[in-house]
Amino acid sequence: MVQSAVLGFPRIGPNRELKKATEGYWNGKITVDELFKVGKDLRTQNWKLQKEAGVDIIPSNDFSFYDQVLDLSLLFNVIPDRYTKYDLSPIDTLFAMGRGLQRKATETEKAVDVTALEMVKWFDSNYHYVRPTFSKTTQFKLNGQKPVDEFLEAKELGIHTRPVLLGPVSYLFLGKADKDSLDLEPLSLLEQLLPLYTEILSKLASAGATEVQIDEPVLVLDLPANAQAAIKKAYTYFGEQSNLPKITLATYFGTVVPNLDAIKGLPVAALHVDLVRAPEQFDEVVAAIGNKQTLSVGIVDGRNIWKNDFKKSSAIVNKAIEKLGADRVVVATSSSLLHTPVDLNNETKLDAEIKGFFSFATQKLDEVVVITKNVSGQDVAAALEANAKSVESRGKSKFIHDAAVKARVASIDEKMSTRAAPFEQRLPEQQKVFNLPLFPTTTIGSFPQTKDIRINRNKFNKGTISAEEYEKFINSEIEKVIRFQEEIGLDVLVHGEPERNDMVQYFGEQINGYAFTVNGWVQSYGSRYVRPPIIVGDLSRPKAMSVKESVYAQSITSKPVKGMLTGPITCLRWSFPRDDVDQKTQAMQLALALRDEVNDLEAAGIKVIQVDEPALREGLPLREGTERSAYYTWAAEAFRVATSGVANKTQIHSHFCYSDLDPNHIKALDADVVSIEFSKKDDANYIAEFKNYPNHIGLGLFDIHSPRIPSKDEFIAKISTILKSYPAEKFWVNPDCGLKTRGWEETRLSLTHMVEAAKYFREQY
Ligand code: GLN
Ligand code: ZN
């Protein structure tokens, strides 16, 4: 009999209960027992929801107070010494590793001051995990038994679950060596780790678990030979142990085909593959599967919000049943549903037709069940018919198709994506306009988003203040920021972005073809959740989006003010994209909308325009090959379509952060000036990579994520170091990123010191 399975469910709760509880605990507003109670309630709620939906295989241990990878580090005692010396409780140790901890001494507790572990993007998603950090002194041992406890908790409710664990090879491969052990290869720790996995697996078996899901998502990457060998070794080892639960080896976010040799013949009961993301792997995977193994068909999208097409999905599952038999097929979500919002029923403001296109995590449970019933010959005619109708109506919806937009995308040519003259010719024309000194200073765009700004925005959204009153307020904020920048002597000013709630949503709200949720939160990291806008149809810009604020800012100063926009790739990556057209098409539509905005800014007298692309790197396909090289080309082209409509003398800036950038990739954008995150990179080789970058760069000089204020001398030291391998003529001086999360006090001092340091170097050169 075909079974239905879910690989993981969002843990944040339908109303962000987890965020409220964890932050409440951090702020001392609730006790640890109250926090644990919220966790338990959320788990109970999720299990019951899945049980009631009729899901056969329900996950446990998919819950986490912070991050599931960090949970494993705690479980296996992969805790750097700096966190153990304070005698913190396990949960406080977990939070200290995840987010750092600074606490004054009290009568009963010691003072604590420790920074967080590194946080990295989870494959190509917008989820971030806390990186396992290994040292030669790491003492592997089990700390507690979270997976077993949560299995038993569900059992007590009468729900038999399949515990989820990140597999040993992915856990090691995604980790890194700590500063004190840089020559340590994490994969060399496999032998020490395997007995701990076995121990936890046998405990699960004793507790009554019959199956476990072990995730090895690294199987969709270009795995080096030693990692492929580690996969073989680990699962062969588990096969040799007796009395372990049956293992489903789960992969997602791509194809496993290039790593099939490592998986073929392994003693695992089932293999899960993502057929939403990589349907092309079907035949090869089925051919490779052993004659007793089960295939878990990941067919309900764990990464996007579109309603499933039951007919199409059922056909794929039926193909698997034909080859393997019903008993060896499971219908599953493509990945954990962690990456989708919790419940569409919480959306009160969506247009009814558009709402009908979507399916959030709760709705996806029903989808898995209906497909399973359908391929098992049960009567789901009504559901199938409703689904077919809905899928068909989306295809024809007036919200989706815009012939003018399609025609315009088709008309994009080389000329549209090329500036009139090359950089060497543009530069002197720009210098004539701006007459900037050496080491020009600027910022990335946003200034502190104060409480006052949020209050006024809320008032405006609720209608308690008029549009005129709000505009007046925004202008007064802009004026404050302009005067401040003039006062400390910055060279290229910004308006401070006080009118923006979020750098993508703000533009999305003004672009036709976008939809927004009121409660569609998705965990990004820890207690930080995002609410991605949804690209529903062809995208176009009915009118100017940012001109008013920039023009006002420029009208009150004689210094150049940068117009600020979010680039096409970032708008695409930080939204839920369409699944009915490719990403390139969506990027080009956004590029055209932004091109009009860039041109309007220029026409309104704005001479410097920055188009931010912080998500450029994260869009890079996970594997080398044609898809990746195509991305390099179209992502850069989209940026150039947006920015190439301006005169030579208009200066185009761009900004990148959150990633290690390849200078060659940025070069293809042909921006006149780029600013990149740099404050935490002191590797001389990395600096040298940018030496031959032809255009100008601002290497971000201080970390805007921290309230710490660098002194003038610190800036001088940092700049001197960079100058050893980077030329002064191309050197811009700026922070790492926007200042919106900072307070005014530290912003004022940090920027003042930064400008003083730039002045110091001007005198030297
Ligand atoms: N201009 C944006 C800001 O300053 C850039 C933000 C980002 O790169 N994440 O806030
Ligand atoms: Zn940034």
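Everything here concerns the structure above.
What comes next is a walk through the structure. Residue numbering note: each chain is counted from 1, following its sequence as written. Labels are handed out in written order, letters beginning with A for the chains and numbers beginning with 1 for the ligands. Per-residue local features of the predicted model are confined to residues with pLDDT of at least 70, and side-chain atom pairs are confined, for both listing and counting, to 80 or more; whole-chain, interface and lining totals are unaffected and use all residues. Hydrogen atoms and water are omitted, and side-chain values are computed over all heavy atoms in the structure.

### Description of the sheet that holds strand β8 (residues 161–166)
In a beta sheet, neighbouring strands are held together by backbone hydrogen bonds and run either parallel or antiparallel to one another. DSSP calls a pair of strands paired once it identifies at least 2 bridges connecting them. Secondary structure counts use DSSP, requiring at least four H or I residues in a row for a helix and at least two E residues in a row for a strand, with both numbered from the N terminus. If you trace the 8 strands from one edge of the open sheet to the other, you get β1-β14-β13-β12-β11-β10-β8-β2, paired in parallel fashion. Edge positions in the open sheet fall to β1 (3–5) and β2 (58–60), since each of these has one partner strand only. Averaged over neighbouring strand pairs, the angle between their axes works out to 30° when direction is ignored. Where strand β13 (residues 294–300) and strand β14 (residues 329–333) come together, 5 bridges link them in parallel fashion. Residue pairing in the sheet places Gly298 in a bridge with Ala332 of β14. We call two residues in contact whenever any of their non-hydrogen atoms come within 4.5 Å of each other. For every element, the axis is a line fit to its C-alpha atoms; helices are fit only across the contacting stretch, and the angle between N-to-C directions ranges from 0 to 180 degrees. Strands β8 and β10 (211–215) of the sheet are contacted by helix α8 (residues 190–207), whose axis makes an angle of about 175° with β8. Against the sheet, helix α14 (residues 361–375) makes contact with β1, β13 and β14, and its axis sits at roughly 160° relative to β14, the strand it touches most.

### Things to note about the coordination of the zinc ion (ligand 2)
Note on donors: an N, O or S atom is included if it sits within 2.8 Å of the metal, or within 3.2 Å for Na, K and Ca, and water is never included, so sites can look incomplete. The protein atoms donating to the zinc ion (ligand 2) are His655 (NE2), Cys657 (SG) and Cys737 (SG), with metal-donor distances spanning 2.0 to 2.3 Å. Mapped onto the sequence, the residues coordinating the zinc ion (ligand 2) show the spacing H-x1-C-x79-C. Taking the relative accessible area as the measure of exposure, Cys657 reaches 2% and is therefore buried. Buried means the residue's accessible area, taken with a 1.4 Å probe over protein chains only, is under 20% of the maximum for its type, while exposed means over 50%, and partly exposed covers the values in between.

### Here we look at helix α15 (residues 381–396)
The span you would expect from a helix comes to 1.5 Å times its residue count less one. Counted at 1.5 Å a residue, the expected span for α15 with its 16 residues is 22 Å, and the 23 Å between its end C-alpha atoms agrees. Those residues of α15 that sit buried are Asn387, Ser390 and Arg394. In an axial view of α15, the angular spread of the buried residues amounts to 65°, which keeps them on one side of the axis. Exposed side chains of α15 directed beyond 90 degrees from the buried face belong to Ala382, Glu385, Lys389 and Lys396. The directions considered for the arc are those from the helix axis to the C-beta atoms.

### Considerations on the side chain of Thr372
Checked against the element boundaries, Thr372 lands in helix α14. Classification of Thr372 by relative accessible area gives buried; the value is 5%. For Thr372, the contacting residues outside a window of four places in its chain are Val2, Gln3, Ser4 and Val331.

### Some details on helix α5 (residues 90–99)
Counting buried residues along α5, 8 of its 10 residues qualify, which places the element largely inside the surrounding structure. When we look at burial in α5, the residues that qualify are Ile91, Asp92, Thr93, Leu94, Phe95, Ala96, Met97 and Gly98. Looking one or two residues beyond α5, the residue adopting positive phi is Gly100, at roughly 75°.

Geometry only, nothing functional implied.
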